[in-house]
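# Notes for the structure review
Below are the chains, spelled out letter by letter.
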Amino acid sequence: MEFSLIDTLWVFLAAILVFFMNLGFASVEAGFARSKNTVNILSKNFIVFAVSSLGFMLLGWGIMFGGDNPIIGTEHLFILGGQDLSFYDGTLTSSVPFWGKFFFQLVFCGTAATIVSGAVAERVKYVSFIVFSFVLTLVIYPIVGHWVWGGGWLADLGFMDFAGDSVVHSVGGWAALAGAMLLGPRIGKYGKDRKPRAIPGHSMSLAVIGLFVLWLGWFGFNPGSTMSFQNPTDVMHILLTTNTSAIVAVLTSTITSWIVLKKPDLGMTINGCLAGLVGITGSCAYVSIEISILIGAVSGILVVFAVGFFDRCRIDDPVGATSVHLCCGVFGTICVGLFAQEGVTSLSTTNGLFFGGGFGLLGVQLIGIAAIGGFTFAASAVVWLLIKATMGIRVSSEEEIQGLDIGEHGNIAYPDFVRVAESYEHRSDIVAELEKEYGKAAASYTADSDMTEAVSVDKAVPVEHHETAGAKITKVSIIINQNKFPQLQTVLDDLGITGITVTNVLGYGYQKGHSVYFRGNPVDSRLLPKIKLEVVVSMIPVDTLIEAVRECLYTGKYGDGKIFVYDVEDVVKIRTGEHGYQALQDLNPEDN
């Protein structure tokens, strides 16, 4: 059998561009997450491609393309072991060798699996995610793929999905939604009022780099789905509809976030671009350039409101995977039924509703959305529940607070930098809420254990003196964990302390820090991130200050911190030259 050199080279180029998208997904997800989970996220994006490749090779391809059974492939299921692969000569295209076609479909399968990673980030067990990804790509994704691209019942109905709005993006989105719902939100995501709190990602630079990698990869994802370069006009049309939808979505998502959030939020712009790319994926070969502008515009607006919707529903998705891939994947599938136009490319042979085709194609698209969504969500939920019942799906609260990098991998991504740890108010409410939703095992942390380390202030702090108004000046230095700063700041404000100096420091006490390894070797420095607060007081009794600080920080555990008390010989205000008590008491804010 003779193959086309140009078609084979085109599929090869497109496939490696789609493979390169793994870097984009890893970067976007890592950038949107906190630094303490970076190693875990990067590792998941490695492992997910490995297990999805294995699952698709062992059985997934056969289920997807093994014959024309309407539900599932049943013929030549196993492509390894010296099987006769001539059965697949006519599958997808006859001008590309079998393993070229396989690899192109393999990277699509990997994309569906990696979508899930972002939605369950920062609290899913590493091994549980691996198991789920394997099952998804071994069975769930291939079944849906068979329905649409493998000659199954949806293909027989006339369902159209050129490059995977339903097969790839909504499958990944539905699986991600099931996982996020069963895992529950991250600790601290919702406050006492049940309103969502911002948990900022640690690197928008990394997220933007990832976005551009994904944008580049999409030029293989959509145009490459032609599986042929015999008609360059078709390929270039798809290239332009893809890019046009993305650029318009960048604009509309930015404008929408500017109106809704009062600022042009960069995170929304990133997700907006991805929304435009997802929204056009199913129809990129079936709609005109003008319609791609409309699809991109709506996708950019839709994703902003979808993020808010899932937040209000208490479905915690750190990167917005469900908003981008599920919502815009479904929207893109509907757009085929609305805007498909016969003749815009040689691949477009049916008209949608707005081009004289009536409700026929739109009805089929809606049936496909319902079937794919119902099956994928239900099957994914069953798999997640089985994993939860056997090995568990969520890390312990202590591990989640500490960061999955330490607990799951014994690594840290940024050993030379101090992490800025988040704080949580209303601890007792969070504990009660977790106990109610996930049981005591998931909520078994004390009101003060949401720290990078367990902390404890010594009960006995000797106080030898008291200030005398206008005379005695004392400096108090407090070493605490970063998480405690907001509470301690409130205590100091209540005492009437008008100025503090705060420094990020590294150090350790009794615990000697965490054990950290790089490439299997221990890292010499095991310093922990701390905060040093320094205050100078005169009128406020030192023992009152110390007792207030201890009451705020005390848990009775090692690591609560230390309080150091120093005599201050003098204080000089540079602007006025005042000394001592007078230098401290001038409350003119311009002097601060």
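Remember, it's a predicted structure, so these values are computed and weren't measured experimentally.

With that settled, consider the overall build of the chain. The secondary structure content of the chain amounts to 18 helices and 6 strands. Across the 592 residues in the chain, those meeting the buried criterion constitute 55%. The long-range fraction of contacts in the chain, counting pairs at least 24 apart against all pairs at least 6 apart in sequence, stands at 77%. Accessible surface computed for the chain: about 24600 Å², of which carbon and sulfur atoms make up 63%.

Before going further, it helps to spend a moment on the packing of aromatic side chains. Scanning the model with the defined rule gives 26 aromatic pairs in all. When the ring of Trp 99 is compared with that of Phe 102, the centres are 5.4 Å apart and the planes differ by 85 degrees; the resulting orientation is edge-to-face. Here Trp 99 pairs with Phe 102, and both are found in helix α3 (residues 98–119), just 3 residues apart, close to one helical turn. Relative accessible area serves as the criterion here: at 44%, Trp 99 is assigned to the partly exposed category. Aromatic ring contacts, followed pair by pair, group Phe 56, Trp 61, Phe 65, Phe 87, Tyr 88, Phe 98, Trp 99, Phe 102 and Tyr 141 into a single cluster. Residue placement shows Arg 314 over the ring face of Tyr 190; its charged tip is 4.5 Å from the ring centre. We note Lys 475 situated over the ring of Tyr 566; from NZ or CZ to the ring centre the distance is 5.8 Å.

This paragraph deals with the sheet that holds strand β2 (residues 501–507). Spatially, β2-β5-β1-β6 is the arrangement adopted by the 4 strands of the open sheet, whose pairing is antiparallel. Since the sheet does not close on itself, it has two edges, and those belong to β2 and β6 (562–567), each with one partner. If you compare each strand with its neighbour and ignore which way they point, the axes differ by 25 degrees on average. Those strands touched by helix α16 (residues 485–495) are β1 (474–481), β2 and β5 (528–537), and its axis lies near 5 degrees from that of β5. Packing against the sheet, helix α17 (residues 542–553) makes contact with β1, β5 and β6, and its axis sits at approximately 5 degrees to β1.

With that settled, consider the side chain of Glu 534. Counting through the fold element by element, Glu 534 comes out in strand β5. Within polar-contact distance, the side chain of Glu 534 engages the side chain of Lys 475 at 3.1 Å. Setting aside residues up to four positions removed in sequence, Glu 534 forms contacts with Lys 475, Val 476, Ser 477, Ile 500 and Thr 501.

Our next topic: the side chain of Lys 189. Along the chain, Lys 189 falls in the loop between α6 (165–183) and α7 (204–221). The residues touching Lys 189, leaving out its near neighbours within four places in the chain, are Lys 195, Pro 196, Arg 197, Ile 199, Asp 311 and Asp 316.

Take empty space enclosed by the protein next. The final tally for this structure, using the stated rule, is 2 cavities of 30 Å³ or more. The space that makes up the largest cavity amounts to roughly 140 Å³. Of all the secondary structure elements, the ones that give two or more residues to the lining of the largest cavity are α1 (5–32), α3, α9 (266–281) and α11 (321–339). Residue classes in the lining of the largest cavity are distributed as 8 nonpolar, 5 polar and 1 charged.

For the rest of this paragraph, the subject is the pairing of β5. Extensive coverage of β5 is indicated by the burial of 8 of its 10 residues. Here β1 runs beside β5; their pairing, made up of 8 bridges, is antiparallel. Bridge pairing in β5 places Asn 481 opposite Lys 530. As paired strands, β2 and β5 are joined by 7 bridges and run antiparallel to one another. If you follow Leu 506 over to β5, its bridge partner there is Pro 529.

Turning to the layout of surface pockets, a few remarks are in order. Summary: where empty space remains is shown by rolling a probe the size of a single water molecule over the atoms. Each pocket or cavity is described by its volume, and for the largest pocket that value is around 850 Å³. For the largest pocket, the lining is made up of 33 residues, of which Lys 189, Asp 265, Met 268, Val 307 and Asp 311 are closest to its centre. Those elements giving two or more residues to the lining of the largest pocket turn out to be α8 (232–261), α9, α10 (289–312) and α11. Of all the elements, α10 adds the most residues to the lining of the largest pocket, at 8 residues. Of the residues contributing to the lining of the largest pocket, the split by class is 18 nonpolar, 7 polar and 8 charged.

Below, the discussion takes up the environment of Ile 238. Counting through the fold element by element, Ile 238 comes out in helix α8. Counting along the chain gives 12 residues from Ile 238 to Thr 226, while the straight-line C-alpha distance between them is 9.1 Å.

In this section: the confidence of the model for the chain. Looking at the chain as a whole, the pLDDT averages 87, with 86% of positions reaching at least 70. By mean pLDDT, the top-scoring element of the chain is helix α12 (residues 360–390) (98), and the lowest-scoring one is helix α15 (residues 427–438) (52). Counted against residues more than four places away or in other chains, residues 440–470, with its pLDDT under 50, gives 95 contacts.

Attention now moves to the pattern of salt bridges. One pass over the structure, following the stated rule, counts 10 salt bridges. A salt bridge links Glu 29 to Lys 44; the nearest nitrogen and oxygen atoms lie 3.4 Å apart. Of this pair, Glu 29 sits in helix α1 while Lys 44 sits in helix α2 (residues 38–65), and the two are 15 residues apart along the sequence. Note on Lys 44: relative accessible area 0%, which makes it buried. The partner of Arg 186 in a salt bridge is Asp 316, with the nearest N and O atoms 2.7 Å apart. One end of the pair, Arg 186, is in the loop between α6 and α7; the other, Asp 316, is in the loop between α10 and α11, with 130 residues separating them in the sequence. We note that Arg 186, like Asp 316, is buried. Via salt bridges that share partners, Arg 34, Glu 122, Arg 186 and Asp 316 belong to a single interconnected network.

Criteria and cut-off values
Residues numbered from 1 in each chain as written. Predicted model: local features only at pLDDT ≥ 70, side-chain atom pairs only at ≥ 80, totals over all residues. Heavy atoms only, no water. Helix = DSSP H or I, 4+ residues; strand = E, 2+ residues; numbered from the N terminus. Buried < 20%, exposed > 50% of the residue type's maximum accessible area, 1.4 Å probe, protein only. Contact = heavy atoms within 4.5 Å. Areas by Shrake-Rupley, 256 points an atom, 1.4 Å probe, with all protein chains shown as cover. Phe/Tyr/Trp six-rings, centres within 6.5 Å; stacked < 30°, edge-to-face > 60°. Lys NZ or Arg CZ within 6 Å of the ring centre and 35° of its normal. Pairing = 2+ DSSP bridges. Axes fitted to C-alpha atoms, helices over the stretch in contact; angles between N-to-C directions. Polar contact = N/O pair within 3.5 Å; in protein donor to acceptor, adjacent residues only side chain to side chain. 1 Å grid on protein atoms, 1.4 Å probe; cavity = no way out; pocket = protein on both sides within 12 Å on 5 of 7 lines; lining within 4 Å. Points joined across faces, edges and corners; volume = space filled by probe spheres on them. Nonpolar A, V, L, I, M, F, W, Y, C, P; charged D, E, K, R; others polar. pLDDT = per-residue confidence, 0-100. Salt bridge = Lys/Arg side-chain N within 4 Å of Asp/Glu carboxyl O.

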